[in-house]
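Coordinate analysis (summary)
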Amino acid sequence: MKKTIVIVAAAMALSACASHQNPFLTEWDTPYGIPPFDKIEYADYIPAIKEGIKQQQAEVDAIIANPEPATFENTIAAYELTGELLAKVTGVLYNVSETDNCPELEAIIEEATPLMSEHSSNLGLNKALYERVAAVYNADQSALTEEQKTVLKKMYDDFVQGGIALDEASQARIREIDAEMAAKTNKIGNNILAESNAFKAKFGISVSAYPTAMTTTEDRALREEMFKAYSSRGHNANENDNRKLALEVLRLRLEKAKIMGFSNSADFILQNKMAHDHETVDAFLDGIIKASVAKAKEEIVDMQAIMDEDIKAGLLPEGTKIQPWDWWYYAEKVRKAKYDLDEDITKPYFEAGNVRKGIFEAAHRLYGISFEELADVPSYNKDFVQTFKITDADGSLIGIFTTDYFPRDSKRGGAWMNNIREQKVDAEGNDIRPIIVNVGNFTSPDENGVSLLTVDNVETAFHEFGHALHGLLTKCHYPSVSGTNVARDFVETFSQFNENWAFQPELLSFYAKHYQTGEVIPQELVEKIIAASKFNQGFMTTELCAASILDMKWHELTEIPDDENFVDEFEAKVCAEMGLIDEIIPRYRTTYFNHIFSSGYAAGYYGYLWAEVIDKDAFDYFEQNGTWNVELAKSFRETFLEKGGSVEPMKLYTGWRGQEPDSKPFLKGRGLL
Ligand SMILES: [Zn+2]
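Residues numbered from 1 in each chain as written. Predicted model: local features only at pLDDT ≥ 70, side-chain atom pairs only at ≥ 80, totals over all residues.

Turning our eyes to something else, we now look at the overall build of the chain. A count of helical and extended segments in the chain gives 27 helices and seven strands. Relative to its length of 673 residues, the chain is compact, with a C-alpha radius of gyration of 25 Å against a globular reference of 26 Å. Referenced to the eigenvectors of the C-alpha coordinate spread, the extents of the chain come out at roughly 85 × 65 × 60 Å. Counting all 673 residues of the chain, 43% fall into the buried class. Counting only contacts in the chain whose residues sit at least 6 apart along the sequence, the fraction spanning at least 24 positions is 76%. (Helix = DSSP H or I, 4+ residues; strand = E, 2+ residues; numbered from the N terminus. Rg over C-alpha atoms; globule rule 2.2 N^0.38 Å. Buried ≥ 20, exposed ≤ 12 C-beta atoms within 10 Å, placed from the backbone. Contact = placed C-beta atoms within 7 Å.)

In this structure, A546 and I549 are the most contacted members of the largest nonpolar core, which totals 142 residues. Beyond its immediate stretch of four places on either side in the chain, A546 contacts I289, C575, M578, L580, I584, P586 and R587. Ranked by size, the runner-up nonpolar core spans 19 residues in total, among them F72, L125, V133 and Y137. (Core = buried A, V, L, I, M, F, W, Y, C linked by C-beta atoms within 7 Å.)

Moving on, we get to helix α16 (residues 352–367). Helix length check: α16 (16 residues) gives 22 Å between terminal C-alpha atoms against 22 Å at 1.5 Å per residue, within 8%. Residues A352, N354, V355, R356, G358, I359, A362, A363, L366 and Y367 constitute the buried set of α16. G368 lies just past α16 and shows a positive phi near 75°. (Expected span 1.5 Å × (residues − 1).)

Take the pairing of strand β4 (residues 416–421) next. Along any regular strand the residues' side chains alternate between the sheet's two faces. Counting buried positions along β4 yields five of six residues, so the element is predominantly enclosed. Sheet topology places β4 next to strand β7 (residues 435–439); five bridges connect them, and they run antiparallel. Its bridge partner lying in β7, M417 is registered against N438. (Pairing = 2+ DSSP bridges.)

Our next topic: the sheet that holds β4. Strand order in this open sheet of five strands is β1-β2-β3-β7-β4, and the pairing throughout is mixed. What marks the edges here is a single partner per strand, and that holds for β1 (370–374) and β4. Within the sheet, the average angular offset between the axes of one strand and its neighbour, ignoring direction, is 25°. Its contacts with the sheet place helix α4 (residues 84–99) against β3 (397–404), β4 and β7, and it is angled at close to 150° to β4. (Axes fitted to C-alpha atoms, helices over the stretch in contact; angles between N-to-C directions.)

Before going further, it helps to examine the pairing of strand β2 (residues 386–391). Pairing between β1 and β2: five bridges, direction antiparallel. Looking at β2, one finds that E373 is bridged to F388. In the sheet, β2 pairs with β3 via six bridges, with the strands oriented antiparallel. The residue of β3 that forms the bridge with F388 is F401.

Turning our eyes to something else, we now look at the confidence of the model for the chain. Of all residues in the chain, 97% have pLDDT values of 70 or greater, and the mean over the chain is 93. Note that pLDDT drops below 50 for residues 1–16; the model gives that stretch four contacts with residues more than four away or on any other chain. (pLDDT = per-residue confidence, 0-100.)

Its identity as a non-glycine residue notwithstanding, H276 has a phi of 75°, on the positive side. Relative to the assigned elements, H276 resides in the loop between α12 (265–270) and α13 (278–312). If you check the backbone angles, A603 has positive phi at about 50° while not being a glycine. Within the element layout of this structure, A603 appears in the loop between α23 (594–598) and α24 (607–625). Taking the number of C-beta atoms within 10 Å as the measure of exposure, A603 has 29 and is therefore buried.

As a further point, take the packing of helix α2 (residues 42–65) against helix α5 (residues 103–124). α5 packs onto α2 with a crossing angle of 5° between their chain directions and a minimal axis gap of 9 Å. Looking at the two axes, α2 sits roughly parallel to α5. Contacts from Y42, Y45, I46, I49, K50, I53 and V60 of α2 reach α5 at E104, I108, E111, A112, L115, H119 and L123. (Parallel < 35°, antiparallel > 145°, perpendicular 65-115°, else oblique.)

Here it is, written out as structure tokens:
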């Protein structure tokens, strides 16, 4: 096995010698401009990034050197057109480093990260560019479109929040902080991956299969061992320990916030979000954690009753109580007893290919768009990836969409949507359509290539496609506000909104067919799925909300001690204060909270719940007016999916809905009211 790798490496080195042209530095004549993945070599990335940085810097220099007074066109619009090469490289690199990571790509990311962060700091602290932007911002804006005004405000705010008004010493410190933070957050992410791989090596299951393993493992001691290993990732006093690193990142964030005139990082981060400040978020989460913990306590009573049966049967010692490692296992027993929903019975109706057909059909019925598989286009992983062309009702191209649904060792856990290319209008006025990827870690196909999805997998697949629709249907002019480039606490609205269609009976009868017999899922099974969707929501909401609160509390600190034991102490204190019960831990503990350390969700994990309140309110509006109401879907598409971040979110929402979002449909939907 090792030999093959050496031969492959030698062959790659050879081809690099033989007049290999860096594909990033050429025009792509591939279908739809899909990156020529098959021609890209590891050695191409860093030179292309360096060249991309040089090009963007030159483009910015040209904007500044323009002798004409600053206008929207010659400054803001011109800036939106810069950095095309860099976007080309990072669109590919950030995708493959998450899906097909390897030591080579890790090394490239490690080398690229400080380059990119230095470059973005340089742009953000470019005074001459800022002065032109400020001149446009302070001039009469009445001739600008709403999108132009938003792009201008965003660019102006970014400058101010980047510290442009600071003295030179503070600016230099900001640059250092950004570079240090980028390197450290990247290290945290790699450590989490290494720890997750260690978990897999020990138990033979990936971390994404952890909930399933905890549900099905009868051996209580083994469950306890798995729980402890899972929940102590990044906390093992080895080379992957994240405690010190996490505190260092938090300290850097706090230092930056203070330089910017804020007393904590949360308020600095939240200033341009829909929620705006930490008090608003704290109050929002407080209402949810109370309702969800109360519900979780009821759920424990149900589980303990079943556990008591096991005690009576002599399977467990007298006095055994539900522990965190029992939750999944006994929840499943309660579910079978109360809801009689067995995933082994539902899974055959959710074959992965059929589910994808269902996802496409829902979008077709609502928005009139069509899908066609593209067999012979470049792909970053031929074994796992399928690519589709999406067209509008009038036949025009919407974009390119790729699915990469199944786990492999090189892929990070979880599911996500990624933009390989963002929608924009280019310098010649061409509408450049996006290339979007959905990545998952769903049930691996068996030896016959059949993958049967869990209900949770199905929801996740619809969720990620909601993000994809947001990225695909966008009709903006400027890339900085197109597609999913919206306030972070607004971005999950459309993914979660799309989940609402997964189990609609009209759609299930189309896609939820038994993979062997073709029989449509029986109505009584559907009813059980819908009833079961409210089950265990006390637990689910509690762990999600607890992680959201933990994230907020870390970023509300005004001082970060330099003692790695503080991580445990602080977590314990926060959990006690929110009223968390011993049987539940936050969905992510600090040392493996990838979202807040390496995925840009710092002081933002609450966004999932925030967005769900909006999504449930929007769906409630559909239910009042007909779930498949195409007129309403059209206005939803035009108002939200096409507009991206070009209009302030609350303005868009109240304009469409006629009122601000109400949290009752959310609490009702989760059975918490
Ligand atoms: Zn999402």
